[in-house]
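# Inside the fold
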Amino acid sequence: MQSSWRVFLALLCVLLVLATGSIQAVHSHPVGEISHADCALCVTAHVAVEVAQPPVTLAVASVVSAIEVFEPPTRMKTFFTFALYTRPPPVDSVLA
């Protein structure tokens, strides 16, 4: 007895889905009528559609690795001057 009620309820749901789908498919208005404010089917069709995007979930994974640090050789920072260097005399542009 219980399985017959389940089959009847399943068939009723399928028939309701088919009926409402075909009503929406053949629903139309006259060509000159722009406003469909009094049509409940048009109002619910435009109000019920909401675009929603699922939240973005970021996959976070920790990465552990060994890092070798390269230390370039450092030079000694000293100020070196050659004591025996003399620069040539300046060129006199007027006499040249």
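Heads up: these notes are all about the structure in this document.

Cut-offs applied
Residues numbered from 1 in each chain as written. Predicted model: local features only at pLDDT ≥ 70, side-chain atom pairs only at ≥ 80, totals over all residues. Heavy atoms only, no water. Helix = DSSP H or I, 4+ residues; strand = E, 2+ residues; numbered from the N terminus. Buried < 20%, exposed > 50% of the residue type's maximum accessible area, 1.4 Å probe, protein only. Areas by Shrake-Rupley, 256 points an atom, 1.4 Å probe, with all protein chains shown as cover. Patch = residues over 30% accessible without salt bridge, like charges linked within 9 Å, V, L, I, M, F, W, Y side chains within 5 Å. Salt bridge = Lys/Arg side-chain N within 4 Å of Asp/Glu carboxyl O. Phe/Tyr/Trp six-rings, centres within 6.5 Å; stacked < 30°, edge-to-face > 60°. Contact = heavy atoms within 4.5 Å.

## Some remarks on the overall build of the protein chain
Within the protein chain, the secondary structure is distributed over 2 helices and 0 strands. Counting all 96 residues of the protein chain, 2% fall into the buried class. Carbon and sulfur atoms make up 68% of the accessible area of the protein chain, which amounts to about 10400 Å² in all.

## Thoughts on a nonpolar patch on the surface
A grouping of Trp-5, Phe-8, Leu-9, Leu-12 and Leu-16 is seen on the molecular surface, where their side chains present a nonpolar patch of about 560 Å² in accessible area. One can find Leu-12 in helix 1 (residues 2-26).

## Considering the packing of aromatic side chains
For the structure on display, the rule yields 1 aromatic pair. Aromatic side chains Trp-5 and Phe-8 sit 6.3 Å apart centroid to centroid with 85° between the ring planes, which places their arrangement in the edge-to-face category. You can see Trp-5 and its partner Phe-8 sitting in helix 1, 3 residues apart, about one turn around the helix. For the pair formed by Trp-5 and Phe-8, the shared burial category is exposed.

## A few points about the environment of Cys-39
Within the fold, Cys-39 resides in the loop between helix 1 and helix 2 (40-48). Given a relative accessible area of 12%, Cys-39 falls into the buried group. Sequence separation between Cys-39 and His-29 is 10 residues; the distance between their C-alpha atoms is 9.4 Å. Leaving out residues up to four positions away in the same chain, Cys-39 has contacts with His-27 and His-29.

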